Structure formats: C-alpha cells, structure tokens
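What the coordinates show
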Amino acid sequence: MKPARGASMRHNKKTMSDPLLAVSERFAWAFAAVAGEVVDPVVRPSDHADAQINGALGVAKKLGTNPRQVAEQVLVAVGDVSDMCSGLEIAGPGFINVTLSNQFLSTQLKSAMNDQCLGVRVAPIRLTAVVDYSAPNVAKEMHVGHLRSTVIGDSIVRLLEFVGHTVIRENHIGDWGTPFGMLIEHLIDIGQNTAAQELGVGDLDGFYREARNKFDADDAFKERARARVVLLQGGDPDTLHLWRTLVSESTRYFNQVYQLLDVLLTDADIVGESSYNDLLAPVVERLREAKLLEVSDGADVVFPAGFTNRDGDPLPLIIRKGDGGYNYATSDLACVIDRVERLGASLLIYVVGAPQAQHLSMVETVATQVGWLAPPVQMMHVAFGNVLGSDGKMLKSRVGDTVKLAALLEEAVERATAAIAQKNPDMSEHERSQVAHMIGIGAVKYSDLSTDRVRDYVFDWERMLSFDGNTAPYLQYAHARMCSIFRRAGIERTAVRSVMPTILDPRERALAIRVLQFDSAVWDALDRYSPHRLCTYLYELATDFTAFYEHCPVLKADTDEQRLSRLNLCDAAARVLECGLNLLGIRAPEQM
RNA sequence: GCUCACGUAGCUCAGCGGAUAGAGCACUUCCCUCCGGAGGAAGGGGUCGCAGGUUCAAUUCCUGCCGUGGGCACCA
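So, a few notes on the structure that sits alongside this text. (Residues numbered from 1 in each chain as written. Chains lettered and ligands numbered in written order. Predicted model: local features only at pLDDT ≥ 70, side-chain atom pairs only at ≥ 80, totals over all residues. Heavy atoms only, no water.)

The helix and strand inventory of chain A stands at 21 helices and 13 strands. The principal-axis extent of the C-alpha atoms belonging to chain A is close to 85 × 65 × 40 Å. Looking at chain A as a whole, 53% of its 592 residues are labelled buried. Long-range pairs, those at least 24 residues apart, make up 74% of the contacts in chain A between residues at least 6 apart in sequence. With the model as given, the accessible surface of chain A reaches about 26,300 Å², and the carbon-plus-sulfur share is 49%. The centroid of the 60 positive side-chain charges in chain A is displaced by 3 Å from the centroid of its 76 negative side-chain charges. (Helix = DSSP H or I, 4+ residues; strand = E, 2+ residues; numbered from the N terminus. Buried < 20%, exposed > 50% of the residue type's maximum accessible area, 1.4 Å probe, protein only. Contact = heavy atoms within 4.5 Å. Areas by Shrake-Rupley, 256 points an atom, 1.4 Å probe, with all protein chains shown as cover. Lys, Arg positive; Asp, Glu negative; His and termini not counted. Charge placed at Lys NZ, Arg CZ, Asp CG, Glu CD.)

Here's what the structure looks like:
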C-alpha cells in the first residue's frame, strides 16, 4: 500500500476557480503548439508577479533553443488573453510573469461565491470510500493516539464528502479477544451495577487495571478468565449478556468524548471486531482454496512476497494461530472482503499510526494476491506520528501515565474559558461556555491537524491556544472580526452577495486571489490526505485578510460602491474561512 | 542485521524541481493607539544532517553515510 498520495481525481469544469489553474489551462495549448507535444506550462505562485509560468525552460531544453525565445513564441501562440491577464512579461532566464486582470479576478470571485462549494470542484468520479479511524478499545481509556486518528479521520471524511464522494465511516472498536475473559470475570466479581457505574463515569483504565492485576496475581481467577473466553467465543448467552454490558458502557463513554471533541462519529459507525466473527473462517477457507495458505510452526499463514524477518527468512502473515484462534490480520482481511464485496467500496482508507505500516502493507499484499483487492479498488494508509511532550518524548501525564483524552479535552476548554473571560469579560456566561468549547477544542484539533501528519508533533498548550501564529484561535479571531464588520455596518451578510466586487488595491488583489485558491487548497489536502495543507492555506487567507483589513478601510471607504465591494470581499473571506475550518471539524464563532 | 519514516533559523513548524529558502514564538529598534491592539513597520539569526549523482535548474529527485524514532511470526 502506497503511503497516502494522490487518489488522482482530476476534473474538468468550466473555468477553474483558482486563477493559476485557469492560466495553466489557457496556456497549455500554446505550449503544445510551440513544443509540438503536450507539456505542462508549470504555473506557480510568484514573488515577482501574481503567478509565473516556468514551462519555457523545459521546452527550450527539449528543443535545443533559447528559453526566452520559447517564451516569446508562447506569448504569440496564446493570442489575446487580456480577459484574464493584464500583464505578461518575460523575465530572467525565461519565466513568464503574469499579472491577472482585475476584471477577471472580479468575475471569478463572483462566480465562485455563487457556487455552493465556494468554487471547489466536485470529484469527477464519485467513489464509495470507507474510512477506518478512531478505533478505541472497550474497557480501555482513550488517549492521545486515538485523538490523532479521530481528528485526522474526521477531517478526511468531511473533505471526501465535500467533493461529493460517498463516505462510510467505520469505527473499528476493539471489542473482542482474550482480554475479555478477565474483564467479564472482573465484572461478575464486582457486580454489574458497580461496574456500569465505574465505566459510566469514565474510569475505564481503573476497571481494566483491576482485572489485569487479578489476572496476574490470582491463578484461580486466571483459570476462570480462560474458561470465560471459551464461553464467550462459544456464544454462551449469559456471557454474551455480560460482554454487551461492557461494550455498551464503554461506547456510551466514547460517545461522550466524541461529542466533546465535536466529531461526526456516532453509534451507527461502530463496527467492532466482533462483528467480523462469522467472516473469519471464510477468510481461512478462501485463502486455502487459493492455495496461498501454508502451515508454519503450527499456525496457518500466508507468506506475502517481499517481506522478511530479522533472520532474512520469509515473514508470514499469521491467519490462524497455533491454538486455533484468529488474530488481527484475519479480521483485517475480513474487513477488506466486507468493504469491497458487501459495501462496494473502491477506496479503503486506514487512519492508523505509522507503526502499523508493515502490517497493513502485508494485508494489502495478501488481499491483492488472493484477488480481493484489484484496481480500481485501492487501499490507503493514512499514517501519523506520535504526540510528544515538551521533553520530546511520548506525551505522558505528570505521574507518568498515558494522558487521558477526556481529561486533556476538558483542560483545553478550561484554559479557553479563562482566556475568554480575561479578554472579553462582557460576554454572557452561556455564550462564553459555548465559545470556549469551540476555541479550546478547536485549538487541540488544529494543533493536531496543522503539521504534516507523518511527523511526530510537540504538544504545547500555550502555543496552540495563542491568538498569534498558525493556530485555531487566530483563524477563529480573524473570522470573528470579519463578522464584526457586518454587525457594525448593520448590514446582512447576504445583502452584499449580489455585488460585483471591484479589485484594485494590492491587498484586495492578494485577498481575492487567495479566496479563489480555496479550490486548489481543498484538493491539495485531499490528494495527499493531508489536512495540514488546508490549514496552511487558511492561515495565509487570514494573514491576507489582516493586511487587507489594515490597509483598506471598509466601513470608512471612499465611496458607497467601494464600501459594498469591500464588504463583499469580507463576506467571501469569511465564508471560505468558515467552510475551511468546518472541513477540519473546527467551529467558527461569530463573536469571541 | 534488514526495513520504513523523519533530520530546514535559538524553539515550534511550513515549503518538496524553478529567479534572493518562509511563518509564528523568542530577541533588537521603531510606529500607531485607526472598522475588535488578541495591532503595524524594520532588523539580526540558516553551508535546508553530511557526501556524491541526475538536471539548463536540487532544500525539493536518486545513491551512500551519519543521527533519531518505528517495525521485523502467533497482543491487537
């Protein structure tokens, strides 16, 4: 499985919202005419103009001519582009610097803002995608590892849906396996009511630890636990009833966390490992029929090509353990079958930590060898790194335990509450608590989403809650200021949407161009399954807005026409910012 | 040992084939106090881990090395 990159969903639709794409499209045929074949004009953002076209250099090399000469030929071939570009200039070794026409920006902006998706292209082919994420374990506390999977997965789900794909969310909770013997026996020992209470208040780790301690210390208990596993797997009704208590109390708790975290997951998305029980035996059978199954050290295994162990010998994927039990490879393969054959999915996304890369790659290889996975169906590992403390090591609590996710989120809201109380003491209690939730949770999610997911990142309260820099509060603040202008103006946002904006000032231009690039930003994030690309874009948008706001008076504009035009720009920026934050799963309050 | 990631400014991070490598924080010096000062301008600070290679062009692609972290058969 290739590490997430390029679902290659390209499209063709009217004029691209992003001016750079529009320029690229317009110049493509001129380049083809000059080069004698189809070449990418290589249109890029530029420090020297609105955009620069770099394609001439490559073409000149191929043709054995002078790049500046090629550039000149391209300019002749492209003909009149004055509807799009107000300036074209050959610079340096053969770059073509492009100045976009103000009129063009104006009409593009109008048309993008008339679009429900704010100019973002819809997917050319609508896929059914299964996104596998979050996956906490029953009777175990959720921790920062689940935070990453949940938050990144949630954003990917929103992005996929936004461009028109059908998304099936799957929360593959750990609700099966040998630990349930001891957990159920412990449940019996302390009584169902006590247990439900303990789990209900979220002391999952306490419950688990007690069970574990007894298991390790008490041989009789250990024996009962083992016997209980057999009963559970055999479908004993009483045991199943106890098991369901554990599962339902745990999922009730997970839902509290999901609600606090403000993600889309619900009970309907839960597909526990147990739900694949009936599909495990067929996995073995089908592998056997395909003649891929071998017996090694008493276990049923498949040796996928290209994997070796530390001795250089072929590395097996264990399908059925020596004791006859199944393991996670079996259930992962059952998942592939289920998703492809029953759900008809063609995109299987796994938002799982980077350490699982080899395992998932082996599963993919086996699934491909046996024929369950074949183009156009593809598996995609959206891997992520660890959350580190300020010491550069895995984030731990002061006592040295793993950090409870629920506690971390509560602290985020508390810190945000304190910050708002200090900065906006006039806000009502009710409103403050709502806004504090949006800011605190937004800060945590954004700090998780805003750096390249494959890298580890350092968790830092002060930085993530800062109103400066690439943070959620900064973006939310920028949005609140945009909204504030309309309150002061006493004008409804929608009232300025029929206005055709006039783009003149350099800051108006910069802001307009940025707004129009939302399309590219969304697709860029989606192509790489990297929400941080969208974060970077939104930060630049907010920065451009700040510069605009600083230099271009809106309410005190020179003329009514300019005032309306600038209000229109504010509205556009606010809509894109809100929509972008929403795609990250972050709320944008109108006041804060 | 094999293998997969990562190594960019004091710190935290962007950029990943194109013209002088960016941001925030921290630091220095100013400005304003104007539609939300939770401001603005300027400055210092980088041999983009090291060495080769491909290319008109490499922080960006390839190879090797060094450093850090992960994975390498019955726990998921």
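Read on, since the account is not over.
Turning to the protein's contact with RNA strand B, a few remarks are in order. Around RNA strand B, the structure places 59 residues, and the nearest of them are Lys61, Lys321, Phe467, Arg488 and Tyr549. Taking all atoms of RNA strand B within 4 Å of the protein, the share assigned to sugar and phosphate is 50%. Take Arg455: an N or O atom from its side chain is 3.0 Å from a phosphate oxygen of RNA strand B. Residue Arg533 places a side-chain N or O atom 2.6 Å away from a phosphate oxygen belonging to RNA strand B. Element by element, the count of residues in the surface near RNA strand B is highest for helix H20 (residues 531–551), at seven residues. Split into classes, the residues belonging to the surface near RNA strand B amount to 22 nonpolar, 20 polar and 17 charged. (Near = heavy atom within 4 Å. Polar contact = N/O pair within 3.5 Å; in protein donor to acceptor, adjacent residues only side chain to side chain. Nonpolar A, V, L, I, M, F, W, Y, C, P; charged D, E, K, R; others polar.)

Before going further, it helps to spend a moment on the pattern of salt bridges. All told, the structure shown has 29 salt bridges when counted by the stated rule. For Arg252, the salt bridge is made with Glu249, and the minimal N-O distance between the two is 2.8 Å. With Arg252 and Glu249 both in helix H10 (residues 237–261) and three residues apart, the pair spans about one turn of that helix. One connected set of salt bridges, linked through shared partners, spans Glu185, Asp189, Lys214, Arg224 and Arg228. (Salt bridge = Lys/Arg side-chain N within 4 Å of Asp/Glu carboxyl O.)

Along strand S8 (residues 299–302), one buried face is formed by Ala299 and Val301 and the opposite face, lined by Asp300 and Val302, is buried too. Relative to S8, strand S7 (residues 294–296) runs antiparallel, the two sharing three bridges. Each residue of the ladder has a partner; that of Ser296, found in S8, is Ala299. The loop that links S7 with its antiparallel partner S8 comprises two residues; one of these, Asp297, has a positive phi angle of about 50°. As paired elements, S8 and strand S9 (residues 317–320) share three bridges and run antiparallel to each other. Bridge pairing in S9 places Val302 opposite Leu317. (Pairing = 2+ DSSP bridges.)

By the element assignment, Lys445 lies in helix H15 (residues 429–449). Buried charge without a partner: Lys445 forms no salt bridge, and the closest opposite charge is Asp154, 4.3 Å away. At 2.7 Å, the side chain of Lys445 and the backbone oxygen of Gly585 are in polar contact.

Our next topic: the layout of surface pockets. Space inside the second largest pocket adds up to approximately 980 Å³. Considering the residues around the second largest pocket, the lining is formed by 32 residues, among which Asp18, Leu20, Pro45, Gln517 and Ser520 are closest to the centre. Put simply, the parts of the chain that give the lining of the second largest pocket at least two residues each are helix H1 (19–35), strand S1 (43–44), helix H18 (506–516), helix H19 (518–527) and H20. A breakdown of the residues in the lining of the second largest pocket according to their chemical character gives 12 nonpolar, seven polar and 13 charged. If you count residues domain by domain, the lining of the second largest pocket takes at least three from each of domain 1 (19–114) and domain 5 (472–583). (1 Å grid on protein atoms, 1.4 Å probe; cavity = no way out; pocket = protein on both sides within 12 Å on 5 of 7 lines; lining within 4 Å. Points joined across faces, edges and corners; volume = space filled by probe spheres on them. Domains from an automatic or database assignment.)

With that settled, the discussion passes to empty space enclosed by the protein. All chains considered together, the criterion is met by two cavities of 30 Å³ or more. The computed volume of the second largest cavity comes to approximately 50 Å³. Forming the walls of the second largest cavity are Asp262, His437, Met438, Ile441, Gly442, Lys445, Gly585, Ile586 and Arg587. The residue makeup of the lining of the second largest cavity, split by class, is three nonpolar, three polar and three charged.

Where two aromatic rings form a pair, the distance of their centres and the angle of their planes describe that pair. Enumeration according to the criterion identifies six aromatic pairs in this entry. Its end group placed over the ring of Phe215, Lys222 keeps NZ or CZ at 5.5 Å from the ring centre. (Phe/Tyr/Trp six-rings, centres within 6.5 Å; stacked < 30°, edge-to-face > 60°. Lys NZ or Arg CZ within 6 Å of the ring centre and 35° of its normal.)

Judged by pairing direction, the sheet is antiparallel, and its three strands sit side by side in the order S7-S8-S9 without closing on themselves. A strand with exactly one partner marks an edge of an open sheet, and here the two such strands are S7 and S9. Between one strand and the next, the sheet's axes are offset by a mean angle of 50°, whatever the strand orientation. Together, S8 and S9 form the strand contacts of helix H13 (residues 357–370), whose direction differs from that of S9 by roughly 65°. (Axes fitted to C-alpha atoms, helices over the stretch in contact; angles between N-to-C directions.)

To continue, consider the sheet that holds strand S5 (residues 128–132). The strand order S6-S5-S10-S11 describes an open sheet built from four strands, whose pairing is parallel. Across the chains shown, the open sheet's two edge strands, defined by having one partner strand only, are strand S6 (166–170) and strand S11 (378–384). Neighbour to neighbour, the strand axes of the sheet diverge by 20° on average, direction disregarded. Bridge analysis of strand S10 (residues 347–353) against S11 gives seven bridges, and the strand direction is parallel. When the sheet's bridge partners are listed, Val352 is paired in S11 with Ala383.

Attention now goes to the environment of Asp460. Structurally, the position occupied by Asp460 is in the loop between strand S13 (457–458) and helix H16 (461–464). Here Asp460 falls in the partly exposed class, since its relative accessible area comes to 27%. Taking C-alpha positions, Asp460 is 9.1 Å from Leu388, a pair spaced 72 residues apart along the chain. At 3.0 Å, the side chain of Asp460 and the backbone nitrogen of Glu462 are in polar contact.

When you line up the elements, Thr245 lands in helix H10. Filtering out sequence-adjacent residues up to four positions away, Thr245 remains in contact with Leu187 and Gln192.

For the rest of this paragraph, the subject is H1. One turn of an α-helix holds 3.6 residues; hence residues three or four places apart share an orientation. Its 17 residues place the ends of H1 23 Å apart at the C-alpha level, agreeing with the 24 Å of an ideal helix rising 1.5 Å per residue. At Phe27, H1 shows its strongest bend, of approximately 35°. Among the residues making up H1, those that are buried are Pro19, Leu20, Ala22, Val23, Ser24, Phe27, Ala30, Phe31, Val34 and Ala35. Where H1 begins, one side-chain oxygen reaches toward the backbone nitrogen of Leu20, 2.9 Å away; that side chain belongs to Asp18. Directly after H1, the chain includes Gly36, whose backbone phi takes a positive value near 80°. (Expected span 1.5 Å × (residues − 1). Bend = angle between axes of the 7 residues up to and from the residue.)

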